[in-house]
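So you can see what is in the structure, the chains are spelled out below.
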Amino acid sequence: MRLVTLSLILSLFLSPEKHLVLLRDGRTLIGFLRSIDQFANLVLHQTVERIHVGKKYGDIPRGIFVVRGENVVLLGEIDLEKESDTPLQQVSIEEILEEQRAEQQAKLEAEKLKVQALKDRGLSIPRADTLDEY
Amino acid sequence: MGLVMPLSGCTFSGFFKSFTSPIHVLIPYSEVTSVICGTLHSVDQYLNIKLTDISVTDPEKYPHMLSVKNCFIRGSVVRYVQLPADEVDTQLLQDAARKEALQQKQ
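Since the model is a prediction, treat every value here as computed from it, not as a measurement. (Residues numbered from 1 in each chain as written. Chains lettered and ligands numbered in written order. Predicted model: local features only at pLDDT ≥ 70, side-chain atom pairs only at ≥ 80, totals over all residues. Heavy atoms only, no water.)

### A look at the overall build of chain A
And then number 1: A tally of regular secondary structure across chain A gives three helices and six strands.
And then number 2: For chain A, with 134 residues in total, the buried portion stands at 34%.
And then number 3: Of the contacts formed within chain A by residues at least 6 apart in sequence, a portion of 50% connects residues at least 24 apart.
And then number 4: Carbon together with sulfur atoms contributes 56% to the accessible area of chain A, which is approximately 8,500 Å² in total. (Helix = DSSP H or I, 4+ residues; strand = E, 2+ residues; numbered from the N terminus. Buried < 20%, exposed > 50% of the residue type's maximum accessible area, 1.4 Å probe, protein only. Contact = heavy atoms within 4.5 Å. Areas by Shrake-Rupley, 256 points an atom, 1.4 Å probe, with all protein chains shown as cover.)

### A word on the side chain of Arg 50 of chain A
Residues and elements named next belong to chain A.
And then number 1: Looking at the secondary structure, you find Arg 50 in strand β3 (residues 42–53).
And then number 2: With relative accessibility at 12%, the residue Arg 50 sits in the buried group.
And then number 3: In this structure the side chain of Arg 50 is engaged in a polar contact, spanning 2.8 Å, whose partner is the side chain of Asp 59.
And then number 4: Excluding residues within four positions of it along the chain, Arg 50 makes contact with Thr 28, Ile 30, Tyr 57, Gly 58, Asp 59 and Glu 83. (Polar contact = N/O pair within 3.5 Å; in protein donor to acceptor, adjacent residues only side chain to side chain.)

### A short note on empty space enclosed by the protein
And then number 1: Scanning all chains against the criterion turns up two cavities of 30 Å³ or more.
And then number 2: Reported here for the largest cavity is a volume of approximately 70 Å³.
And then number 3: Forming the walls of the largest cavity are Leu 20, Thr 28, Arg 50, His 52, Tyr 57, Glu 83, Thr 86 and Leu 88 of chain A together with Pro 63, His 64, Leu 66 and Ser 67 of chain B.
And then number 4: Residues that form the lining of the largest cavity fall into these classes: five nonpolar, five polar and two charged. (1 Å grid on protein atoms, 1.4 Å probe; cavity = no way out; pocket = protein on both sides within 12 Å on 5 of 7 lines; lining within 4 Å. Points joined across faces, edges and corners; volume = space filled by probe spheres on them. Nonpolar A, V, L, I, M, F, W, Y, C, P; charged D, E, K, R; others polar.)

### Description of the domain arrangement of chain A
Residue and element names in this part refer to chain A.
And then number 1: For chain A, the domain assignment lists domain 1 (1–89) and domain 2 (91–124).
And then number 2: In this complex, domain 1 contributes ten residues to the contact, which on the side of domain 2 involves eight residues.
And then number 3: Both sides together, the interface formed by domain 1 and domain 2 hides about 780 Å², and carbon and sulfur atoms give 68% of it.
And then number 4: Of all residues in domain 1, the largest losses of buried area upon contact with domain 2 belong to Ile 51, Val 53 and Lys 56, amounting jointly to 59% of the total for that side.
And then number 5: At the boundary of domain 1 and domain 2, one finds two salt bridges.
And then number 6: Taking the shortest distance from any N to any O, the salt bridge between Glu 95 and Lys 56 comes out at 3.6 Å.
And then number 7: On the surface where domain 1 and domain 2 come into contact, there are two residue pairs in polar contact (both at pLDDT 80 or more). (Domains from an automatic or database assignment. Buried area = accessible area lost by both parts, 1.4 Å probe. Salt bridge = Lys/Arg side-chain N within 4 Å of Asp/Glu carboxyl O.)

### Considering the pattern of salt bridges
One side chain can pair with another of opposite charge once the charged atoms of both are near each other.
And then number 1: Going through the model one piece at a time under the given rule, you end up with nine salt bridges over all chains.
And then number 2: A salt bridge links Asp 25 of chain A to Arg 27 of chain A; the nearest nitrogen and oxygen atoms lie 2.9 Å apart.
And then number 3: Among the residues examined, Asp 25 of chain A registers a relative accessible area of 44% and is labelled partly exposed.
And then number 4: The salt bridge involving Asp 95 of chain B is made with Arg 98 of chain B; its shortest N-O contact spans 3.9 Å. Taken together, the residues Asp 95 of chain B and Arg 98 of chain B, both in helix α2 (residues 90–105) and three residues apart, mark about one turn of the helix.
And then number 5: Exposure remark for Asp 95 of chain B: the relative accessible area of 34% places this residue in the partly exposed category.
And then number 6: Given the relative accessible area of 48%, Arg 98 of chain B is considered partly exposed.
And then number 7: Several salt bridges converge on common partners, so that one network encompasses Lys 56, Glu 95 and Glu 99 of chain A.

### Some words on the interface of chain A and chain B
And then number 1: With 36 residues of chain A in contact, the opposing surface of chain B contributes 26 residues.
And then number 2: Roughly 2,800 Å² is buried in total at the junction of chain A and chain B, and carbon and sulfur atoms are behind 59% of that figure.
And then number 3: Run the count over chain A and chain B and you get one salt bridge.
And then number 4: The partner of Asp 79 of chain A in a salt bridge is Lys 69 of chain B, with the nearest N and O atoms 3.0 Å apart.
And then number 5: Remark: the boundary between chain A and chain B carries seven residue pairs in polar contact (both at pLDDT 80 or more).
And then number 6: Examining the composition of the side of chain A that touches chain B, we find that seven residues originate from one element, strand β5 (residues 72–78) of chain A, more than from any other.
And then number 7: For the side of chain A that touches chain B, the per-class residue count stands at 16 nonpolar, ten polar and ten charged.
And then number 8: Relative to strand β4 (residues 68–73) of chain B, β5 of chain A runs antiparallel, the two sharing five bridges. Bridge pairing in β4 of chain B links Gly 76 of chain A to Cys 71 of chain B. (Pairing = 2+ DSSP bridges.)

Laid out in structure tokens, this is it:
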């Protein structure tokens, strides 16, 4: 592995705080980064899955995660100061899951209306399949 | 001009290294795409990008990044990178790319 990639990736180990990982399927994971390699495969410790809906969020404890690099979008260092003065409100797991379900429902219905409107006009938008990227 | 002559074999990472003012990076994930603005810290051969002092252009829609100041972005998910126009010398870049292509042909 070339030294440039190595130094870029290893500098991520310097932070003692938790890291935030965004995955391709839209999930947000927060945990201590224990290992990373040239493919951005990650090992996260004491991981929490954070679900955001509007201004609320909920944390689901998940334990240890091994993430395959191809699913990683972004890896960020959480700044504890910024974390403490966030305008977001933390709620219980049940509540956030309920909010998420409601949001998904609303999105599906809006999508259905859109598709129907397009169909009425004789148009269709093919849904982008993430696997087609390769 | 701010443009460093690229090293042979990695034209673009050498090209990227020279920026100091904020750049915009567009990232698609699931059906949600977001633009992240930040200062370029480093780039590697896979065009993985490390940005410092980041801000998301629409923090209301994407609240997860509020407490993150620096981030590492995997090169494979970047759709485009918007650069400050006045820091790019297109003539120099063109010449370097041509030289590179000639070298590779030999």
